Amino acid sequence: MRWTLYVDLDAFYVSCERRGHPELEGRPVIVGPDPKNGPTRGVVLSASYEARSTGVHSAMPVERAARLCPEATWIPPDFAKYERTSQEVRHLLEERFGRVLPRSIDEFALPVETPDAAAARALAEEVRAMVRSELGLPSSVGVAASPTVAKIATDRAKPGGVLVVPPEGTVDFLAPLPVGDIPGVGPKTEALLAGLGIHRIGELRSAPQRLRRELGRFGEEIYRLARGEEPTDMGSPEAGPRSRSAEHTFERDVSDPDALREALERLSDGLAESLGQEELAYRTVTVSVRWDDFKQSQRSRSMPSQQEGADPIRGLALRLLQELLRSPAADGGRRKVRTISVGVQHLAHGGARQAKLDGFAAPEPGSAVK
Ligand SMILES: [Mg+2]
């Protein structure tokens, strides 16, 4: 029988920093710009579970995290290190399992064949032990026949656990979980569902028509999921990653178009580099800016065919930025920008890998930049 092992590394950036630094084990550690080095408006990128127990979480403003967890050790991020470590994990898993589907820098889906749930659990335990002993990294593994359910199970297994959901237990496992646990259901969809009186995944089963009316195709997919059927076009790791993005928050809000262009070029190059490492091509580029009042504007455009390399991202991103700066939202250049980001969607494995990954379907575009 076919199963998916969904591997998610625990507190990934922190774990990368702890390798070779045993003195950091068991201590609260936060990866992000240390607010003690002067005022910053950065956010927490990764927090150890010791830090999380004080209420700190990813994306929290660092000033707030420092107040909640004054004893934390702060470490500035080293993205090149995290990319390298991610490749080490991928190669280790490929050696053992052959086929590995990276879903993000710290998540990997492994399609495996085993006779039953007990054998699938044994494999998951093996993965955890192997990643820990060979690479010194803690992880959690969710196991299910459906890749989407396996991912949801992984979140429930964290940290350092294995959770197996056999096919006959799927509906009961999902029923009590909040709808926000479904990949792709963010705060907006959650609020919409709450308006329909739906808070738990099990409640989705009673409202197929309303879901379809309010959410269209996605409504049908989450209805199918709640009934224990694998959705046809969401969350399947076979579809490959849906989007990638990179963002920068300025130390001080800026309206200078040159500064914005420069930041966007840097982000585009970094994004292109990481796509190149994964041999991913893209077709759609999105630029978004968060203004100083926290409101957001976004522009997106697709190219006629898949693209690779930095130039198409740069070129299109700069055009989109120009449009944003000329739009009424920019208030004639008076409105300042707090955060700028560039994302790509419509990803597909390109170049040499295409032949190897026969039948690797191009994904639907992600509706939001991650
Ligand atoms: Mg993780």
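Everything quoted here is computed from the prediction, not taken from an experiment. (Residues numbered from 1 in each chain as written. Predicted model: local features only at pLDDT ≥ 70, side-chain atom pairs only at ≥ 80, totals over all residues. Heavy atoms only, no water.)

Peer 1: Explain the overall build of the protein to me, using residue names and the numbers behind them.
Peer 2: A count of helical and extended segments in the protein gives 12 helices and 13 strands. In terms of C-alpha radius of gyration, the protein reaches 21 Å, essentially the compact-globule figure of 21 Å for 370 residues. Seen along its three principal axes, the alpha-carbon backbone of the protein occupies a region of about 60 × 55 × 45 Å. Here the protein holds 370 residues, and the buried ones make up 47% of them. Here the analysis covers contacts within the protein between residues at least 6 apart in sequence; of these, 64% occur between residues at least 24 apart. Taken as a whole, the protein presents about 17,400 Å² of accessible surface, with 50% of it coming from carbon and sulfur. Here the protein carries 50 positive and 53 negative side-chain charges, and the mean point of each set is 5 Å from the other. (Helix = DSSP H or I, 4+ residues; strand = E, 2+ residues; numbered from the N terminus. Rg over C-alpha atoms; globule rule 2.2 N^0.38 Å. Buried < 20%, exposed > 50% of the residue type's maximum accessible area, 1.4 Å probe, protein only. Contact = heavy atoms within 4.5 Å. Areas by Shrake-Rupley, 256 points an atom, 1.4 Å probe, with all protein chains shown as cover. Lys, Arg positive; Asp, Glu negative; His and termini not counted. Charge placed at Lys NZ, Arg CZ, Asp CG, Glu CD.)

Peer 1: Talk me through the coordination of the magnesium ion; I want residue IDs and the actual numbers.
Peer 2: Note on the magnesium ion: its protein donors are Asp8 (OD), Leu9 (O) and Asp106 (OD). The metal-donor distances range over 2.2 to 2.4 Å. Each donor residue of the magnesium ion lies on the same chain, and together they follow the pattern D-L-x96-D. Exposure remark for Asp8: the relative accessible area of 6% places this residue in the buried category. With relative accessibility at 2%, the residue Leu9 sits in the buried group. (Donors = N, O, S within 2.8 Å, 3.2 Å for Na, K, Ca; no water.)

Peer 1: Can you lay out the nonpolar core for me, pointing to particular residues and giving the numbers?
Peer 2: Nonpolar side chains in soluble globular proteins tend to be buried together. The biggest cluster of nonpolar side chains holds 34 residues, and the ones touching the most others in it are Leu5, Leu93, Leu110, Val127, Val141 and Val143. Of all the secondary-structure elements, those providing two or more residues to this core are strand E1 (2–9), helix H1 (12–18), strand E2 (29–31), helix H4 (79–97), strand E6 (107–113), helix H5 (117–135), strand E7 (139–144) and strand E8 (162–165). Take this core: its biggest share by element is seven residues, from H5. For Leu93, the residues in contact, after removing those within four places along its chain, are Gly98, Val100, Phe108, Leu110, Val127, Met130 and Val131. One finds Leu267, Ala272, Val285 and Val289 within the second-largest nonpolar core, a separate group that totals 29 residues. (Core = buried A, V, L, I, M, F, W, Y, C linked by side-chain atoms within 4.5 Å.)

Peer 1: Residues and numbers for helix H6 (residues 147–157), please.
Peer 2: Counting buried residues in H6 gives eight out of 11 residues, a clear majority hidden from the surface. By the burial criterion, the buried members of H6 are Pro147, Thr148, Val149, Ala150, Ile152, Ala153, Thr154 and Ala157. The elements touched by buried residues of H6 are E1, E7, E8, helix H7 (170–174) and helix H9 (208–226). A distance of 3.2 Å separates the backbone nitrogen of Thr148 from a side-chain oxygen at the start of H6, and that oxygen is part of Ser146. (Polar contact = N/O pair within 3.5 Å; in protein donor to acceptor, adjacent residues only side chain to side chain.)

Peer 1: Go over the side chain of Thr114 with me, naming the residues and quoting the values.
Peer 2: Within the fold, Thr114 resides in the loop between E6 and H5. There is a polar contact of 3.1 Å between the side chain of Thr114 and the side chain of Trp3. Not counting chain neighbours up to four residues away, the residues in contact with Thr114 comprise Met1, Trp3, Ala119, Ala120 and Leu123.

Peer 1: Describe the sheet that holds strand E4 (residues 73–75), with residues and values.
Peer 2: Across the sheet, which stays open at both edges, the three strands sit in the order E3-E2-E4 with mixed pairing between neighbours. Each having just a single partner strand, strand E3 (46–47) and E4 make up the two edges of the open sheet. Taken together, the two bridges between E2 and E3 define a ladder with antiparallel strand orientation. The partner of Ile30 across the bridge, within E3, is Ala47. (Pairing = 2+ DSSP bridges.)

Peer 1: Tell me what's going on with the pattern of salt bridges, and back it up with residues and numbers.
Peer 2: With the rule as written, the count across this model stands at 21 salt bridges. Measuring nitrogen to oxygen at the nearest pair gives 2.5 Å for the salt bridge that ties Asp181 to Arg156. Of this pair, Asp181 sits in the loop between H7 and helix H8 (187–195) while Arg156 sits in helix H6, and the two are 25 residues apart along the sequence. Measuring nitrogen to oxygen at the nearest pair gives 3.3 Å for the salt bridge that ties Arg334 to Asp331. The exposure class assigned to Arg334 is exposed, which follows from its relative accessible area of 60%. Since its relative accessible area comes to 39%, Asp331 is described here as partly exposed. Here the salt bridges share partners, and the residues they tie into one network are Asp8, Asp10 and Lys158. (Salt bridge = Lys/Arg side-chain N within 4 Å of Asp/Glu carboxyl O.)

Peer 1: For the sheet that holds strand E5 (residues 101–104), give the residues involved together with the corresponding values.
Peer 2: On the basis of which strands lie adjacent, the open sheet formed by five strands has the order E5-E6-E1-E7-E8 and mixed pairing. Strands with a single pairing partner mark the edges of an open sheet, and in this sheet they are E5 and E8. The mean angle between the axes of side-by-side strands here comes to 20 degrees, regardless of whether they run parallel or antiparallel. Note that E7 and E8 share four bridges and pair parallel. Its bridge partner being in E8, Val143 is matched across the sheet by Val164. The strands touched by H6 are E1, E6, E7 and E8; relative to E7, the strand with the most contacts, the crossing angle is about 140 degrees. (Axes fitted to C-alpha atoms, helices over the stretch in contact; angles between N-to-C directions.)

Peer 1: Outline unusual backbone geometry, listing residues and values.
Peer 2: For the peptide bond that leads from Lys158 to Pro159, omega is -10 degrees, which places it in the cis range. Tracing the backbone shows Pro159 in the loop between H6 and E8. Despite not being glycine, Asp331 shows a phi value in the positive range, around 55 degrees. By secondary structure assignment, the location of Asp331 is in the loop between helix H11 (310–326) and strand E12 (337–345).

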